Amino acid sequence: MPEARLNLPFTGIPSFMRAPIVGDLDELDADIAILGVPSDEGSPWYPGARMAPRQIREMSVRYAEYGPTQRHGGYYDLDEDRRYLVHETKNNRIVDCGDVDIVYTNPEQTMDNVTRSVRKILDAGALPVVYGGDHAISYGVVRAYEQPVILVHFDAHLDFRPFVHGAQYGNGSPVRKMSSLKQVGQMVQVGMRSMRMSQDDLADARRHGNDVITMKQYRRHGLERLLDRIPEGAAVYVSMDIDVLDMPLVPGCASAEPDGFGYEEMKQTLFGIARHADVVGFDIVEINPMIDVRSNNTSLLGAQLGVEFMARVADSESYLRRHGRLPVAEATPAS
C-alpha cells in the first residue's frame, strides 16, 4: 500500500479546511457551503479586504487534520472534551464553492452574482458561510433569502449611513439597504461603540425599529438581553464585521475600534444564538490581509471564528432535523 500523504498545511491547494471544491453550484450536494466574495469596492478607507477569502482559506488549513495519526474527523474542543464537525468532514458535507465572480467598477453586477450564487446554495439545502470582502457584500447575500429572517448584526458601527452621492454599495450602508428587503424583519445590532457614530444614523435605525445594543449595554445586561430580542427557533442570519472584536485582536481591519468583544466573549455569544435560534447562514467581513501583521492573525482568527460558529450551528437541533439526523417532531393531536 502506498504511504498516506502527510499533507502539511503549507502544501497543496488551500480550500477551506481542505474541504472538497465544488465549481458548479448546480451540482452542489452539501450541508455547509463556503463562499468567498472578494470585493472591497465599498471601502472608503484602506483597500485590501478583497484579498481576505484567499488568505482565510490559506490559514484555515491549520484547522484541517493532516497525517495518518490525525484522522478522527472534525476538531477537538479541549474545554468541552468532545469533537465537532466529525460527520461533516468525514462525509464531505462541508464544501468550498470558491469565489463569486467580481465585476470591477460594476457593483450592481457583482451584487447580482452574489445573490445568484447564494440562492443556488440555499436551493441545494446547504448553509451559506460567506467570507467577504467589505461589509457591502452582505446585502447581496441576504437578498438571496426568500424565507423571512431576523438579521443579527455584530459591528462597531451601525452601517446605516444614507446613500450620499448615490453610493448605495458602500460598506457603511448595507444594513440600511437590507432594511428595505421584504424578507428581513427584525434587525438586532450589537457591539456599537465608535466615536464616529452618527447621531442621525442612530435615530434613523431606531425609527426603523432596529434594536441597537451598544458594547457597554451588552456588557451590562449580557447575552440574555440579546436572546430576548429573538423568538426561540426563529430563522436568523448573522452578519459579523470583524471590527466587533477589540482592536488589538484584529490588526488586519481598517475600521478597528477599541473596547470591543474579546474572542471568548464573542464565540460564547455566537454559541448562545446557535442554541436559541435557527441560524440559516452567516458572513464574516472586513478582514484586510494587506494591513495585517506578518503572521496573518486576523485572517486566522476569522477562519477560527467561522469554524467554531458553524460547528455549533451544525450541532443545533434545527440543523440536525433539517438534514435528517433527528426525527421530525410529531404533530400535536388536535383537541
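Use the structure listed above.
## A closer look at helix α1 (residues 52-60)
Of all the nine residues making up α1, seven are buried; the element is thus mostly covered by neighbouring parts of the structure. Residues of α1 that are buried include every one of Ala-52, Pro-53, Gln-55, Ile-56, Arg-57, Met-59 and Ser-60, and no others. Of the surrounding elements, those touching the buried residues of α1 are β1 (32-37), β4 (94-99), β5 (127-132) and α10 (297-314).

## Brief notes about the pattern of salt bridges
Scanning all chains against the criterion turns up 22 salt bridges. Between Arg-143 and Asp-112 there is a salt bridge whose closest N-O contact spans 3.1 Å. On the criterion of sequence distance, the pair formed by Arg-143 in the loop between α4 (137-142) and β6 (149-154) and Asp-112 in helix α3 (residues 107-123) is long-range, its members being 31 residues apart. Of the charged contacts, one joins Lys-267 and Glu-308 as a salt bridge, the two residues approaching to 3.4 Å between their closest N and O atoms. Taken together, the residues span a long stretch of sequence, with Lys-267 in helix α9 (residues 263-276) and Glu-308 in helix α10 at a distance of 41 residues. Summarising the burial analysis for this pair, Lys-267 and Glu-308 share the class buried. A single network of salt bridges, built from pairs that share partners, joins Asp-29, Asp-31 and Arg-93.

## What about the packing of α9 against α10?
The geometry of α9 relative to α10 is characterised by a closest axis approach of 9 Å and an angle of 25 degrees between their N-to-C directions. The orientation of α9 relative to α10 falls into the category roughly parallel. Helix-helix and strand crossings are classified by hand; for α9 and α10 the assignment is right-handed. For the pair α9 and α10, the contacting residues are Tyr-263, Met-266, Lys-267, Leu-270, Phe-271 and Ala-274 in the first and Leu-301, Gln-304, Leu-305, Glu-308, Phe-309, Arg-312 and Val-313 in the second. Across the contact of α9 with α10, the residue classes break down as nine nonpolar, one polar and three charged.

## Brief notes about the sheet that holds β5
Where strands meet in a sheet, backbone hydrogen bonds hold them as pairs that are either parallel or antiparallel. With respect to topology, eight strands assemble into an open sheet ordered β4-β1-β5-β10-β9-β6-β7-β8, the strand pairing being parallel. Each edge of the open sheet is held by one strand with a lone partner, namely β4 and β8 (211-214). On average, adjacent strands in this sheet sit at an angle of 15 degrees to one another, irrespective of strand direction.

## Quick look at unusual backbone geometry
Note: most residues except glycine have negative phi, and most peptide bonds are trans. Cis geometry marks the peptide bond from Gly-132 to Gly-133, where omega comes out at 20 degrees. On the secondary structure map, Gly-133 appears in the loop between β5 and α4. Positive phi is not limited to glycine here, since Asp-259 has a value of about 70 degrees. Tracing the backbone shows Asp-259 in the loop between β9 (235-241) and α9. Note on Asp-259: relative accessible area 52%, which makes it exposed.

## So, the packing of aromatic side chains
Within this structure, the stated rule accounts for eight aromatic pairs. Ring plane angle 65 degrees and centroid distance 5.6 Å describe the contact between Tyr-145 and Tyr-237, whose orientation is recorded as edge-to-face. Here Tyr-237 lies in strand β9 and Tyr-145 lies in the loop between α4 and β6, a separation of 92 residues in the sequence. The exposure class of Tyr-145 is buried, given its relative accessible area of 2%. Members of the aromatic cluster, each reached through a chain of ring pairs, are Phe-154, Tyr-218 and Phe-261. Here Lys-177 stacks its cationic end above the ring of Tyr-169, 4.9 Å away from the centre of that ring. Here the guanidinium or amino end of Arg-312 rests over the ring plane of Tyr-84, the centre of that ring lying 3.9 Å away.

The rules behind these values
- Residues numbered from 1 in each chain as written.
- Predicted model: local features only at pLDDT ≥ 70, side-chain atom pairs only at ≥ 80, totals over all residues.
- Heavy atoms only, no water.
- Buried < 20%, exposed > 50% of the residue type's maximum accessible area, 1.4 Å probe, protein only.
- Helix = DSSP H or I, 4+ residues; strand = E, 2+ residues; numbered from the N terminus.
- Contact = heavy atoms within 4.5 Å.
- Salt bridge = Lys/Arg side-chain N within 4 Å of Asp/Glu carboxyl O.
- Axes fitted to C-alpha atoms, helices over the stretch in contact; angles between N-to-C directions.
- Parallel < 35°, antiparallel > 145°, perpendicular 65-115°, else oblique.
- Left-handed = near helix turned anticlockwise from the far one by under 90°.
- Nonpolar A, V, L, I, M, F, W, Y, C, P; charged D, E, K, R; others polar.
- Pairing = 2+ DSSP bridges.
- Phe/Tyr/Trp six-rings, centres within 6.5 Å; stacked < 30°, edge-to-face > 60°.
- Lys NZ or Arg CZ within 6 Å of the ring centre and 35° of its normal.

Shape is all these values report; function is a separate question.
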